[in-house]
Amino acid sequence: MLGGTMRIKYKSPEEIRLMREASLVVAEILEVVAENVAPGASTWDLDRIAAAEIERHKVQSAFLGYYGYPAVLCTSVNEVIVHGIPRRDVVLAEGDIISIDFGVFKHGFCGDSARTLPVGAIADDKQKLVDTTRESLDHAIDLCVSGNRLGDIGAAVQKHAELNGYSVVRTFVGHGIGRAMHEDPPVPNYGRAHTGKRLKSGLVIAIEPMLNAGAHEVEVLDDNWTAVTQDRRLSAHFEHTIAILDEGPWVLSRPDSRPGYPAHQPAPHPRQ
Ligand code: MF3
Ligand code: CO
């Protein structure tokens, strides 16, 4: 950020507790949406399901109205990387992959998460792209420890992606998160280890790797939102809201995560 002013808002334990609440609602609603992903469902159907859940939980959408965004979900099918707008005429078919991105505000704090899901049975090469993207996020989460640097996160994602033959999107990055969905610092999914700002306790970030089967270049469609791969090959996307604590990472948007135990690792005590 040469010349820029980085203003990171570190969170207190109480603020992180509130962000956990917001992020758990995000996880719960994403799960309901995921259960409704099936051949024949439209992305508009999925958006209406999420909107009904938002009402039921008495939370606010983080996406609806954001720079004029018209829905509560981003639904990005196949070659769509991110920011796909739900539509009645986008109907899921067996073999598709769909990235669902969702965020809410609760008690004034934002939670933000995304996952890519198969529609019915999918080809092995598609499953591998999805798995590699999820793994790249898990590797990045493991590095969310005080004293590590922002570049360690990007380098971990990029390395795992490129070793598996995929490219990492540069145009969109992760972000700090708190009372606003997008706060400092930007969190790129590429970069060099041992560079960039040091992570410290109280930092809360959304890490969101986007991996492409082909080249990393992005094209934004005429609706000014839908971001597709320039080569129209597949893309996958996962995102979690993560607090960096003295104990280690707490994946706020993963229900079975506890401070220091991101949950893809076994926890030493029974989970509560
Ligand atoms: N989760 C995304 C992000 O972090 C999507 C927000 S785009 C919106 O940037 F317009 F839908 F809000
Ligand atoms: Co985000």
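My aim in this report is to walk through the structure given alongside it, one point at a time. (Residues numbered from 1 in each chain as written. Chains lettered and ligands numbered in written order. Predicted model: local features only at pLDDT ≥ 70, side-chain atom pairs only at ≥ 80, totals over all residues. Heavy atoms only, no water.)

1. Overview of the site of ligand 1
Quick note on the threshold: A single heavy atom is enough: if one lies within 4 Å of a molecule or strand, its residue is considered near that molecule or strand. Any N or O atom pair separated by 3.5 Å or less is treated as a polar contact, with the protein-specific requirement of one donor-capable and one acceptor-capable atom, and with residues adjacent in sequence counted only for side-chain atom pairs. For accessible areas, the Shrake-Rupley method is used with a probe of radius 1.4 Å. Any residue's cover is judged against the shown protein chains and nothing else. Ten residues, namely Ala, Val, Leu, Ile, Met, Phe, Trp, Tyr, Cys and Pro, are considered nonpolar, four, namely Asp, Glu, Lys and Arg, are considered charged, and the remaining ones, Gly among them, are considered polar.
In the vicinity of ligand 1, 13 residues are found, and the nearest of them are Asp101, Asp112, His175, His182 and Glu208. Asp112 is positioned such that a nitrogen or oxygen atom in its side chain is 2.9 Å from a nitrogen atom of ligand 1. In this structure, a nitrogen atom belonging to ligand 1 sits 3.3 Å away from a side-chain N or O atom of Glu239. Within the complex, the protein chains bury 96% of what would otherwise be the 330 Å² of accessible surface of ligand 1. A class-by-class count of the residues in the shell around ligand 1 yields 6 nonpolar, 3 polar and 4 charged.

2. Observations concerning the packing of aromatic side chains
Condition: Ring pairs shown here join Phe, Tyr and Trp side chains whose ring centres sit within 6.5 Å, with only the six-membered ring taken for Trp; geometry is labelled stacked below 30 degrees between planes, edge-to-face above 60, and tilted in between. Three labels apply to residues, based on accessible area from a 1.4 Å probe with only protein chains included: buried if under 20% of the type maximum, exposed if over 50%, partly exposed otherwise in between. Secondary structure elements follow DSSP: runs of H or I no shorter than four residues count as helices, runs of E no shorter than two count as strands, and numbering proceeds from the N terminus.
One pass over the structure, following the stated rule, counts 2 aromatic pairs. Ring geometry for Tyr66 and Tyr67: centres 4.9 Å apart, planes at 80 degrees, overall edge-to-face. Look at Tyr67 and you get exposed, because its relative accessible area is 71%. Both rings, one in Tyr69 and one in Trp225, keep their centres 4.9 Å apart while their planes meet at 80 degrees; by these two values the pair is edge-to-face. Here Tyr69 is found in the loop between strand S1 (60-61) and strand S2 (73-77), whereas its partner Trp225 is found in the loop between strand S11 (218-220) and strand S12 (227-229), with 156 residues between them in sequence.

3. Here's the deal with the pairing of strand S15 (residues 248-251)
Along a regular strand, successive side chains alternate from one face of the sheet to the other. As a reminder of what qualifies: Only strands that DSSP links by at least two bridges are regarded as paired with each other.
Here strand S14 (residues 240-245) runs beside S15; their pairing, made up of 4 bridges, is antiparallel. When the bridges of S15 are listed, Ile244 appears paired with Pro249. What sits between the antiparallel neighbours S14 and S15 is a turn of 2 residues.

4. What to know about the coordination of the cobalt ion (ligand 2)
Short version of the rule: For Na, K and Ca the donor cut-off is 3.2 Å; for every other metal, N, O and S atoms count as donors within 2.8 Å. Water does not enter the count, which can leave sites looking incomplete.
Coordination of the cobalt ion (ligand 2) by the protein comes from Asp112 (OD), His175 (NE2), Glu208 (OE) and Glu239 (OE), over a distance range of 2.0 to 2.3 Å. Mapping the donors of the cobalt ion (ligand 2) onto the primary sequence gives the spacing D-x62-H-x32-E-x30-E. Of the two residues, His175 sits in strand S7 (residues 174-176) while Glu239 sits in the loop between strand S13 (235-237) and S14, which places them 64 residues apart along the sequence. Across this residue pair, the class does not change: His175 and Glu239 are buried.

5. A short note on the state of the cysteines
Here is the rule: Disulfides are defined in this document as cysteine sulfur pairs within 2.5 Å.
Inspection of the entire model under this criterion finds 0 disulfides. There is no disulfide at Cys74, and the cysteine sulfur nearest it, in Cys110, is 12 Å away. Free of any disulfide, Cys144 has its nearest cysteine sulfur in Cys110, 17 Å distant.

6. Some details on helix H3 (residues 124-142)
Residues separated by three or four positions in an α-helix point in the same direction, a consequence of the helix having 3.6 residues per turn. We count it as follows: Residue count minus one, scaled by 1.5 Å, sets the expected span of a helix.
Taking 1.5 Å as the rise per residue, H3 with 19 residues should run 27 Å; its terminal C-alpha atoms sit 27 Å apart, in good agreement. Here H3 has its buried residues at Lys126, Leu129, Val130, Thr132, Thr133, Ser136, Leu137, Asp138, Ala140 and Ile141.

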